[in-house]
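Secondary and tertiary structure notes
Okay, here's what each chain looks like letter by letter:
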Amino acid sequence: MTFAEKLDFLMSITKTANGVLARSVSLDASYISRLRSGKRLKPRNKSIIQGLSACLVRRVTEDYQK
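Read on for an overview of the structure. Keep in mind it's a predicted model, so treat the numbers as computed, not measured. Numbering of residues starts from 1 in every chain and runs along the sequence as written. Confidence filtering applies because this is a predicted model: local features only for residues at pLDDT of at least 70, side-chain atom pairs given and counted only at 80 or more, and all residues used for totals across whole chains, interfaces and linings. Side-chain descriptors were evaluated using all non-hydrogen atoms of the structure, hydrogens and water having been removed beforehand.

1. Looking at the packing of helix 1 (residues 3-13) against helix 3 (residues 29-37)
Here an axis means a line fitted to C-alpha atoms, over the contact stretch when the element is a helix, while the angle between two N-to-C directions is reported on a 0 to 180 degree scale. Under the DSSP-based scheme used, a helix requires at least four consecutive residues in state H or I and a strand at least two consecutive residues in state E, with every element numbered from the N terminus. Across the interface, helix 1 lies against helix 3 with an axial gap of 6 Å and an inter-helix angle of 115 degrees. Along the contact surface, helix 1 presents Phe-3, Ala-4, Leu-7, Asp-8, Met-11 and Ser-12, while helix 3 presents Ile-32, Leu-35, Arg-36 and Ser-37. By the convention adopted, Pro, Cys, Tyr, Trp, Phe, Met, Ile, Leu, Val and Ala count as nonpolar, Lys, Arg, Asp and Glu as charged, and the other residues, Gly among them, as polar. The residue makeup of the contact of helix 1 with helix 3, split by class, is 6 nonpolar, 2 polar and 2 charged. In this description, contact between two residues means that some pair of their heavy atoms is separated by no more than 4.5 Å.

Pasting the structure below:
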């Protein structure tokens, strides 16, 4: 599974919009869209990955999302 596929899956299951995720890590929503579609590769900056992860983890509220 690629980074884009994983990101898309996590965003779908947590019902997270591109804009919401982008604001949480101070990025542009279009950049998140390109990451999600696979047009951009996984960011090399670990702080971006950590920020994306933290935002998605906070949005896990239901058992089925785990």
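Having put the structure on the table, let's press on.
2. Some details on unusual backbone geometry
Backbone geometry places Lys-15, a non-glycine residue, at a positive phi of 55 degrees. Tracing the chain through its elements places Lys-15 in the loop between helix 1 and helix 2 (18-24). In this structure, Ser-26 is a non-glycine residue whose phi angle is positive, near 55 degrees. Among the structural elements, Ser-26 can be located in the loop between helix 2 and helix 3.

3. Overview of the pattern of salt bridges
Criterion for a salt bridge: a side-chain nitrogen of Lys or Arg within 4 Å of a carboxyl oxygen of Asp or Glu. Tallied over the full model, the rule gives 2 salt bridges. Close ionic contact of Lys-66 with Asp-63 constitutes a salt bridge, the shortest N to O distance being 3.8 Å.

4. Some details on the nonpolar core
Counting 12 residues, the largest nonpolar core consists of Leu-7, Met-11, Leu-21, Ala-22, Val-25, Tyr-31, Ile-32, Leu-35, Ile-48, Leu-52, Cys-55 and Leu-56. Sorting the residues of this core by element identifies helix 1, helix 2, helix 3 and helix 4 (46-58) as the ones contributing at least two each. In terms of residue count, the dominant contributor to this core is helix 4 (4 residues). When residues no more than four places from it in sequence are discounted, the contact partners of Val-25 are Ile-48, Gly-51 and Leu-52. Within this scheme, the nonpolar core is defined by two criteria: the residues are buried Ala, Val, Leu, Ile, Met, Phe, Trp, Tyr or Cys, and they are joined through side-chain atoms within 4.5 Å. Burial classes: relative accessible area under 20% of the type maximum marks a residue as buried, over 50% as exposed, and values in between as partly exposed (1.4 Å probe, protein chains only).

5. Quick notes on the layout of surface pockets
Using a grid of 1 Å spacing that covers the protein atoms alone, one calls a set of points a cavity when a 1.4 Å probe fits there but cannot get out, and a pocket when the set is open and has protein on both sides within 12 Å along at least five of seven lines; lining residues are those with an atom within 4 Å of a point. Grid points are joined across faces, edges and corners, and a volume is the space filled by probe spheres set on the points. In this structure, the largest pocket spans a volume of roughly 200 Å³. If you trace the largest pocket, you find 13 residues lining it, with Leu-7, Leu-10, Leu-52, Ser-53 and Leu-56 closest to the centre. For the lining of the largest pocket, the class distribution of residues is 9 nonpolar, 3 polar and 1 charged.

6. Digging into helix 3
Among the residues of helix 3, those classed as buried are Tyr-31, Ile-32 and Leu-35. The buried residues of helix 3 occupy one face: seen down the axis, they fall within an arc of 100 degrees. Directions are taken from the helix axis to each C-beta atom, and the arc is the one they span.

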